[in-house]
Amino acid sequence: MPATFSVIQADITKLSVTAIVNAANSSLLGGGGVDGAIHRAAGPELVHECRLLGGCKTGEAKLTKGYRLLAKYIIHTVGPVWRGGTNDEPELLASCYRRAVELAAKNQATSIAFPSISTGIYGYPIELAAMVAVSTVRAALSVCPSIQEVVFCCFSTSDLAVYKAAVNEPAA
Ligand code: AR6
């Protein structure tokens, strides 16, 4: 069975999936945006586990438990800061999505939810980022068929419309 893709507008910390992805920074010790929301919702044990991970490079991903979240796992990945698009930003962003899918599959996750990595504080243009997200996850799933459900979790109505267009759903 091919995986189902859904695009929703929600707070990712509330989702009931095996793994949620965090748009973290290289320290993995928390920050603003979705990272801050995930750390607040998961509780203080999360940062204790993160301290043991030794940080994370841009384009890489590391897994922790979900603690107080409904999600069993949090996959922390570090997206690129947008610097005009000619500094490997697309490759690094694609790597975040690919590595997250690989880690989820390695840990027997059947469902995974992504925020729009790099498009907040890191400034990646949303239309470009959504295309990278959808195409990379589609390709990664062909080698990780155990994942049955993929959720692109948008925070704003305008991001929702962009992601719906990227997965070819009609805008609401
Ligand atoms: N649920 C889903 N999406 C959210 C939530 C939420 N609760 N909160 C924000 N977003 P950002 P980045 C959306 O800035 O650009 C942190 O300080 C938000 O609207 O969180 O990768 C880290 O520590 C946007 O669409 O991540 C890093 O230093 C998307 O999540 C830096 O920000 C990503 O925005 C990473 O910047």
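See the structure printed just above.
Residues numbered from 1 in each chain as written. Predicted model: local features only at pLDDT ≥ 70, side-chain atom pairs only at ≥ 80, totals over all residues. Heavy atoms only, no water.

Bringing the pattern of salt bridges into the picture now. What the rule picks out here adds up to 3 salt bridges. Between lysine 14 and aspartate 11 there is a salt bridge, with its nearest N and O atoms 4.0 Å apart. On the basis of relative accessible area, lysine 14 is assigned to the exposed category, the value being 61%. Residue classification places aspartate 11 among the partly exposed residues on the basis of a relative accessible area of 27%. If you follow the salt bridges from partner to partner, you end up with Glu60, Arg99 and Glu102 in one network. (Salt bridge = Lys/Arg side-chain N within 4 Å of Asp/Glu carboxyl O. Buried < 20%, exposed > 50% of the residue type's maximum accessible area, 1.4 Å probe, protein only.)

What follows deals with the site of the ligand. The local shell around the ligand holds 21 residues, among which Asn25, Gly32, Val34, Asp35 and Ile121 are the closest. Here a nitrogen atom of the ligand and a backbone polar atom of isoleucine 12 are 3.0 Å apart. Tyrosine 122 has a polar backbone atom sitting 3.0 Å from an oxygen atom of the ligand. For the ligand, whose unbound accessible area comes to 700 Å², protein coverage reaches 90%. Its atoms largely coinciding with the cavity grid, the ligand occupies the largest pocket. For the shell around the ligand, the class distribution of residues is 10 nonpolar, 8 polar and 3 charged. (Near = heavy atom within 4 Å. Polar contact = N/O pair within 3.5 Å; in protein donor to acceptor, adjacent residues only side chain to side chain. Areas by Shrake-Rupley, 256 points an atom, 1.4 Å probe, with all protein chains shown as cover. 1 Å grid on protein atoms, 1.4 Å probe; cavity = no way out; pocket = protein on both sides within 12 Å on 5 of 7 lines; lining within 4 Å. Sits in = over half its atoms within 2 Å of the grid points. Nonpolar A, V, L, I, M, F, W, Y, C, P; charged D, E, K, R; others polar.)

Below, the discussion takes up the side chain of serine 95. Tracing the sequence through the fold places serine 95 in helix α3 (residues 89–106). A relative accessible area of 12% means that serine 95 is categorised as buried. At 2.6 Å, the side chain of serine 95 forms a polar contact with the backbone oxygen of glycine 59. (Helix = DSSP H or I, 4+ residues; strand = E, 2+ residues; numbered from the N terminus.)

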